[in-house]
Amino acid sequence: MKAILLKETGGPDMAKYTEVEKPVPSSWEIVVKLKNASLNRRDVFITYGMYPGIKLPSILGADGAGVVESVGDGVESLCQGDEVVINPALQWGDDIRFSSSKFHTLGMPTDGTYAEYVKISCENVYKKPPYLTWSEAAAIPLSALTAYRALITRGELTKGETVFIPGIGSGVALFALQIAVAKGAHVFVSSSSDGKIERAKEMGAAGGMNYRADGWVKALKSEMGGADVIIDGIGGETFKDLVQLANPGGRIVNFGATAGPVPELVLPRVFFKHLDIRGTTMGSPQEFADMLTLFEQHEIRPVIDKQFPLEDAVSALKYMEDGDSFGKIVLNIE
């Protein structure tokens, strides 16, 4: 089969479109013939070696959707021909509060979805929601699961609360916007692009602010009135602004640090406001199932920015690295 294989780090150009052996399922495993896969920023980080536990060679890709090709012994929940979507959170464990020591994500070190076929445990394969196209189904898993856990489980979002999502445009941020709107929250966003803010408003955001504008934090605080829940994947120096924007008793939920470490955090501003700062990443099998149910109830469709053929995955990775996208980047496999 054809796949995108990474043998050594050094950036997206190191990912090669090549021939590899087609997987065969063992007991409790399923092989899926993939229709589409989608990109996540972790894929770019992996090509540079900027990710924990790098083990190569490996086929990239966490997200995918397709048709069950074959099943191993013991598999009863699915059969050949079923249309499915893949949960890339492997071996979460029994405690929903945190992942186990064996937890890892599909697409390195376990071979992933930038391929014609992928092999995975049957417990990580779910029926595809019928209303979604193949490309939409493939765009959901990692980002939507991360957003769902951040908002619902860790953020404990309730109807009528105010949510702030900085850096709107990424997959997780957009899913967080869609989930929060579906839950009846008032959502505000920020971006360096006025165009992205306007598109977020079209999706249900109540307002937003360009963080390159002078005094944007004070202006947003005046417009928003403070946030009960903040969903942050940026970190870095701007994290202190989130503390200022949070309401007393608010929850700041962090799932990433694309801007790097937080250089300074004035703790009195945290404890005098009785803030909770909570970490999260990915999610449990139950949360994945609950996320799919929520999406079906509200017919939430992912925003897809651009699609590339599998053989042009390097260009897709570079496009993601540029950071100008609004929504998910999808690979067409079939």
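Anything mentioned here points back to the structure above.
Residues numbered from 1 in each chain as written. Predicted model: local features only at pLDDT ≥ 70, side-chain atom pairs only at ≥ 80, totals over all residues. Heavy atoms only, no water.

K.L.:
Hey, could you go over the overall build of the chain for me, with residue numbers and the actual values?
P.N.:
Of regular secondary structure, the chain possesses 10 helices and 18 strands. Rg of the C-alpha trace for the chain: 20 Å, near the compact-globule value of 20 Å for 334 residues, within the 12% margin. C-alpha extents for the chain along the principal axes are approximately 55 × 40 × 35 Å. With 334 residues in all, the chain has 53% of them scored as buried. A separation of at least 24 residues holds for 71% of the contacts in the chain among residues at least 6 apart in sequence. Counting only carbon and sulfur atoms, one obtains 49% of the accessible surface of the chain, whose full area is about 14400 Å². Across the chain, the mean location of the 33 positive side-chain charges is 3 Å away from that of the 42 negative side-chain charges. (Helix = DSSP H or I, 4+ residues; strand = E, 2+ residues; numbered from the N terminus. Rg over C-alpha atoms; globule rule 2.2 N^0.38 Å. Buried < 20%, exposed > 50% of the residue type's maximum accessible area, 1.4 Å probe, protein only. Contact = heavy atoms within 4.5 Å. Areas by Shrake-Rupley, 256 points an atom, 1.4 Å probe, with all protein chains shown as cover. Lys, Arg positive; Asp, Glu negative; His and termini not counted. Charge placed at Lys NZ, Arg CZ, Asp CG, Glu CD.)

K.L.:
Help me get a handle on the sheet that holds strand β1 (residues 2-6), residues and values and all.
P.N.:
Reading across the sheet, the three strands line up as β2-β1-β4 and stay open at both edges, with antiparallel pairing between neighbours. What marks the edges here is a single partner per strand, and that holds for β2 (15-19) and β4 (58-59). Bridge analysis of β1 against β2 gives five bridges, and the strand direction is antiparallel. If you follow Leu 5 over to β2, its bridge partner there is Lys 16. (Pairing = 2+ DSSP bridges.)

K.L.:
Any chance you could break down the layout of surface pockets for me, citing the residues and the numbers?
P.N.:
Of the voids in this model, the second largest pocket is the one considered here, and its volume is about 320 Å³. What lines the second largest pocket is a set of 19 residues, and nearest its centre among them are Glu 29, Thr 110, Asp 111, Lys 119 and Ile 120. Sorting elements by how many residues they give to the lining of the second largest pocket places strand β9 (residues 117-121) first, with five residues. Class assignment of the residues belonging to the lining of the second largest pocket gives a composition of nine nonpolar, five polar and five charged. (1 Å grid on protein atoms, 1.4 Å probe; cavity = no way out; pocket = protein on both sides within 12 Å on 5 of 7 lines; lining within 4 Å. Points joined across faces, edges and corners; volume = space filled by probe spheres on them. Nonpolar A, V, L, I, M, F, W, Y, C, P; charged D, E, K, R; others polar.)

K.L.:
Give a description of the nonpolar core that names residues and reports values.
P.N.:
Leu 151, Val 163, Ile 165 and Phe 295 are the most contacted members of the largest nonpolar core, which has 49 residues in total. The element best represented in this core is helix α4 (residues 171-182), accounting for eight residues. Residues Ile 4, Leu 39, Val 68 and Leu 310 belong to the second largest nonpolar core, which totals 42 residues. (Core = buried A, V, L, I, M, F, W, Y, C linked by side-chain atoms within 4.5 Å.)

K.L.:
Before we move on, could you go through the environment of Val 253 and cite the residues and values that matter?
P.N.:
On the secondary structure map, Val 253 appears in strand β15 (residues 246-254). Setting aside residues up to four positions removed in sequence, Val 253 forms contacts with Ala 150, Arg 154, Gly 155, Ile 230, Ile 231, Asp 232, Arg 278 and Thr 280.

K.L.:
Before we move on, could you go through the pairing of strand β11 (residues 162-165) and cite the residues and values that matter?
P.N.:
Burial along β11 is two-sided: the face carrying Thr 162 and Phe 164 and the face carrying Val 163 and Ile 165 are both buried. Note that β11 and strand β12 (residues 186-191) share four bridges and pair parallel. Bridge assignment links Val 163 to a residue of β12, and that residue is Val 187. Once the chain exits β11 it traverses α4 before rejoining the sheet at β12, and the crossover so formed is right-handed. Relative to strand β14 (residues 227-232), β11 is paired through two bridges, and the arrangement is parallel. Bridge pairing in β14 places Phe 164 opposite Ile 230. (Right-handed = clockwise from strand over helix to strand, strands pointing away.)

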